[in-house]
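Listed below, chain by chain, are the residues.
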Amino acid sequence: DADGDGRISETETDPRRSDTDNDGRSDGNEVNGDPATDPRLPDTDGDGLPDGREDANDNGQQEATETDPSDSDTDGGGEPDGDETLLGRNPLNQES
């Protein structure tokens with residue numbers, strides 16, 4: 001509540017919760033992570049996968065086995081990561 005009005009507005013995170021958007025990635029890792037994501041949006045890149053699923057270990061870093069929560073098409077293959085996952089393909093491999 002940055003403006004001190006006692007309400008959480010759409011531009012603020014909730015100081016009472018460690019994960020304002022309930023996506024599985026803590027607000028601190030969303031803001032300070034690499035890549036950074038929006039702590040108010042559960043799916044920052046809009047690919048159909050929550051940010052917390054993409055940063056599965058919630059360490060604020062993109063590991064080789066994780067998709068990029070700030071890029072809807074991690075492998076650059078032309079399909080969103082969520083669609084590839086839903087269809088049983090690997091969103092980390094253009095060939096799948």
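Here the structure is a predicted model, which means the values were calculated and not measured.

Considering the overall build of the protein chain
No. 1: Each helix and strand in the protein chain was counted, giving 3 helices and 0 strands.
No. 2: Counted from the first residue to the last, the protein chain has its helices and strands arranged as α-α-α.
No. 3: Along the first, second and third principal axes, the C-alpha atoms of the protein chain reach 50 × 20 × 15 Å.
No. 4: If you take every contact in the protein chain between residues at least 6 apart in sequence, the share linking residues at least 24 apart comes to 34%.
No. 5: Split by element, the accessible area of the protein chain, about 5500 Å² in all, is 44% carbon and sulfur.
No. 6: Each charge class in the protein chain was averaged separately, 7 positive and 31 negative side chains, and the resulting centres sit 7 Å apart.

Some remarks on the pattern of salt bridges
No. 1: Inspection of the entire model under this criterion finds 5 salt bridges.
No. 2: For Arg16, the salt bridge is made with Asp14, and the minimal N-O distance between the two is 3.0 Å.
No. 3: Using a relative accessible area of 10% as the deciding quantity, one classes Asp14 as buried.

A short note on unusual backbone geometry
No. 1: The residue after Asp34, namely Pro35, is reached through a cis peptide bond having omega 10 degrees.
No. 2: With respect to the helices and strands, Pro35 occurs in the loop between helix 1 (27-32) and helix 2 (51-54).
No. 3: With phi around 55 degrees, Asn22 is a residue other than glycine that occupies positive phi space.
No. 4: As for its position among the elements, Asn22 is in the segment before helix 1.
No. 5: Backbone geometry places Asp58, a non-glycine residue, at a positive phi of 50 degrees.
No. 6: Inspection of the secondary structure assignment puts Asp58 in the loop between helix 2 and helix 3 (81-86).
No. 7: Residue classification places Asp58 among the partly exposed residues on the basis of a relative accessible area of 26%.

A closer look at the environment of Gly78
No. 1: With respect to the helices and strands, Gly78 occurs in the loop between helix 2 and helix 3.
No. 2: For the pair Gly78 and Val31, spaced 47 residues apart in the sequence, the C-alpha separation amounts to 27 Å.

Conventions we followed
- Residues numbered from 1 in each chain as written.
- Predicted model: local features only at pLDDT ≥ 70, side-chain atom pairs only at ≥ 80, totals over all residues.
- Heavy atoms only, no water.
- Helix = DSSP H or I, 4+ residues; strand = E, 2+ residues; numbered from the N terminus.
- Contact = heavy atoms within 4.5 Å.
- Areas by Shrake-Rupley, 256 points an atom, 1.4 Å probe, with all protein chains shown as cover.
- Lys, Arg positive; Asp, Glu negative; His and termini not counted.
- Charge placed at Lys NZ, Arg CZ, Asp CG, Glu CD.
- Salt bridge = Lys/Arg side-chain N within 4 Å of Asp/Glu carboxyl O.
- Buried < 20%, exposed > 50% of the residue type's maximum accessible area, 1.4 Å probe, protein only.

Bear in mind that shape data such as this cannot, by itself, settle questions of function.
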